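# Topology and contacts: notes
Now for the letters of each chain:
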Amino acid sequence: MSNQANLTIGDQAFPLNVIVGTEDEHALDISTLRKDSKFITYDDGYGNTGSCESSITFIDGDKGILRYRGFDISELAEKSNFLESCLLLFNGELPTTSAIENFKLQVSSMSALPADVESMIESMPSTTHPMGILGAALQALGGSFPKLSTNTRPADVESFDEAAALILGAIPSIAAKHYRSSRNESIPSRRGNHNYCENFLHMMFGNEDGQSIDPAVSNALDLIFLLHADHEQNCSTSTCRMIASGGANAFASLAGAVSALWGPLHGGANMAVIKMLNEIHSAGDDGSQFIQSAKEGKSRLMGFGHRVYRNYDPRAKILKSACDQALTALGVESPILDIARNLERSALQDEYFIQRKLYPNVDFYSGIILQAMGFPTDMFTVLFAIGRAPGWLSHWKEIATHGKRIHRPRQIYQGSIHRPYIELGNR
Ligand code: ACO
């Protein structure tokens, strides 16, 4: 294929460079179009807009492919773990044994929250959602480490490794601190032999007796984090990149990403799935009435559909079998799991969903596992954020090291044209 395309507007031709990605994706480079032609492009919701060139994650939504740095998600799910995948995302290559060990130690040594951050969490209104707490606490964490959050480059890039380890260590502690404080409890003392997920489960649900944590449960949590670790230019990651493009530090950029993730059409969907399943259950429906109302546009089948995947979300496939295993390990019988299976089976055979290429996404099964583990529903999106933090950090690093200019889209103005001010008495 030619590396040039021609756009004709009226009788004028405008040559556009064609950018070809390593997976043979093609894009028209319109960066000089406005200068050359006075036209901009219009793409509501950015569904057809490449906002950057990135080497972190590849998705082929039609084929249901997801790869971190070239490695298939199914292979990483089977052979890797969350912290190893974090290093892969940050640095582009699978880490050595010593790099992994050093990183684990660094993350673990930075998991205790500064006293100021703990007090801030305790002082927030008791009605604040855990995602609101997380965003605010990340800003406070940056404030507690001014040398890691200078808002200057290259200083913030040089301290990236330390900031990333601190953020990964601190986010589970922020989540657990808020959960425990809201129940007037304190976090039990840390056990030296716990890995990342075991430590989080211990902070959340453990006590000073330090009862052992079922490896099937901590492994399932590790898998959930790994599957969420990055997903290229989604709403929260694009928000993170946007903030980073203005020169903001990683703590501030991630705080913005947390706010973006919170919404029910994005990371909040895992909470919405459980709410939907519980409502179907209490209405005595096996899912068929709900499917009908979704088809009539009266409700939305949460956990279904995706802007990019027009095929089975590969993460949902992995989580579906992990869900069965985790529930067996926990000895939990979940009536809502049966409803979820019914909904999936019916939707996949229904013309409405087939035509629109709507398949289960990552949120469809994750909430059921998290609920069985004992996490309250309003914390599900925080768990998504723990998993997604390495993705946001990797994108922050990519912008901070390779970003060329501040992100600033244009618009088509459709408001009032120029008019004179009307004095108060004349309105
Ligand atoms: N249930 C019923 N119908 C749906 C659903 C759904 N979950 N999702 C999309 N549709 C329908 C729409 O009504 C529309 O129908 P129409 O063509 O007759 O008008 C068609 O499918 C296309 O839908 P859009 O909303 O245009 O798709 P878009 O790409 O903008 O939205 C989204 C994707 C937001 C994920 C959507 O599918 C949705 O709301 N799903 C439920 C929420 C959810 O699970 N979000 C998590 C996404 S994954 C993540 O963020 C981690």
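A brief structural summary. (Residues numbered from 1 in each chain as written. Predicted model: local features only at pLDDT ≥ 70, side-chain atom pairs only at ≥ 80, totals over all residues. Heavy atoms only, no water.)

## Here we look at the pattern of salt bridges
Oppositely charged side chains may form a pair once their charged atoms are brought near each other. In this structure the tally under the stated criterion is 16 salt bridges. Here Glu 101 makes a salt bridge to Lys 104, at a shortest N to O gap of 3.6 Å. A residue pair is termed a helical-turn pair when its members lie 3 or 4 positions apart in one helix, as Glu 101 and Lys 104 do in helix 4 (residues 97–109) at three residues. The exposure class assigned to Lys 104 is partly exposed, which follows from its relative accessible area of 36%. A salt bridge links Lys 177 to Glu 122; the shortest N-O distance between them is 2.6 Å. (Salt bridge = Lys/Arg side-chain N within 4 Å of Asp/Glu carboxyl O. Helix = DSSP H or I, 4+ residues; strand = E, 2+ residues; numbered from the N terminus. Buried < 20%, exposed > 50% of the residue type's maximum accessible area, 1.4 Å probe, protein only.)

## Some thoughts on the packing of aromatic side chains
Enumeration according to the criterion identifies 15 aromatic pairs in this entry. Summarising the aromatic geometry, the rings of Phe 200 and Phe 225 are spaced 6.4 Å apart at their centres and angled 40 degrees between planes, so their arrangement reads as tilted. Of this pair, Phe 200 sits in helix 9 (residues 196–205) while Phe 225 sits in helix 10 (residues 215–228), and the two are 25 residues apart along the sequence. Overall, Phe 225 belongs to the buried group, its relative accessible area being 1%. Counting every residue linked through ring pairs, the aromatic cluster contains Phe 82, Tyr 179, Tyr 196, Phe 200, Phe 205, Phe 225 and Phe 375. (Phe/Tyr/Trp six-rings, centres within 6.5 Å; stacked < 30°, edge-to-face > 60°.)

## With respect to the sheet that holds strand 1 (residues 4–9)
The three strands are arranged 1-2-3 in an open sheet whose pairing can be described as antiparallel. Looking at strand neighbours, the two that pair on one side only are strand 1 and strand 3 (26–29), the edges of this open sheet. Shown here is a sheet whose adjacent strand axes are inclined to one another by a mean of 35 degrees, direction ignored. As paired elements, strand 2 (residues 12–20) and strand 3 share four bridges and run antiparallel to each other. In the sheet register, Ile 19 faces strand 3, and the bridge partner there is Ala 27. (Pairing = 2+ DSSP bridges. Axes fitted to C-alpha atoms, helices over the stretch in contact; angles between N-to-C directions.)

## Some words on helix 18 (residues 363–373)
With respect to burial, helix 18 is a largely interior element, 10 of its 11 residues being buried. The inward-facing, buried residues of helix 18 contact helix 9, helix 10, helix 13 (269–282), helix 15 (314–330), helix 16 (335–349) and helix 19 (380–402). (Contact = heavy atoms within 4.5 Å.)

## What about the environment of Asp 313?
Residue position: Asp 313 is located in the loop between helix 14 (288–295) and helix 15. Overall, Asp 313 belongs to the buried group, its relative accessible area being 1%. Sequence separation of Asp 313 and Ala 294 is 19 residues, and the distance between their C-alpha atoms is 20 Å. Setting aside chain neighbours within four positions, we find Asp 313 in contact with Pro 360, Asn 361 and Val 362.

## Some thoughts on a positive patch on the surface
Together, Arg 34, Arg 405, Arg 408 and Arg 410 make up a region of like positive charge exposed at the surface. Position of Arg 410 relative to the elements: it lies in the segment after helix 19. (Patch = residues over 30% accessible without salt bridge, like charges linked within 9 Å, V, L, I, M, F, W, Y side chains within 5 Å. Areas by Shrake-Rupley, 256 points an atom, 1.4 Å probe, with all protein chains shown as cover. Lys, Arg positive; Asp, Glu negative; His and termini not counted. Charge placed at Lys NZ, Arg CZ, Asp CG, Glu CD.)

## Details of unusual backbone geometry
Put simply, Arg 153 and Pro 154 share a cis peptide bond, and its omega is 15 degrees. Take Pro 154: it is sitting in the loop between helix 6 (130–144) and helix 7 (155–158). Look at Asn 151: it is not a glycine, yet its phi comes out positive at around 60 degrees. In this fold, Asn 151 is placed in the loop between helix 6 and helix 7. By relative accessible area, Asn 151 is classed as partly exposed at 44%.

Bear in mind that shape data such as this cannot, by itself, settle questions of function.
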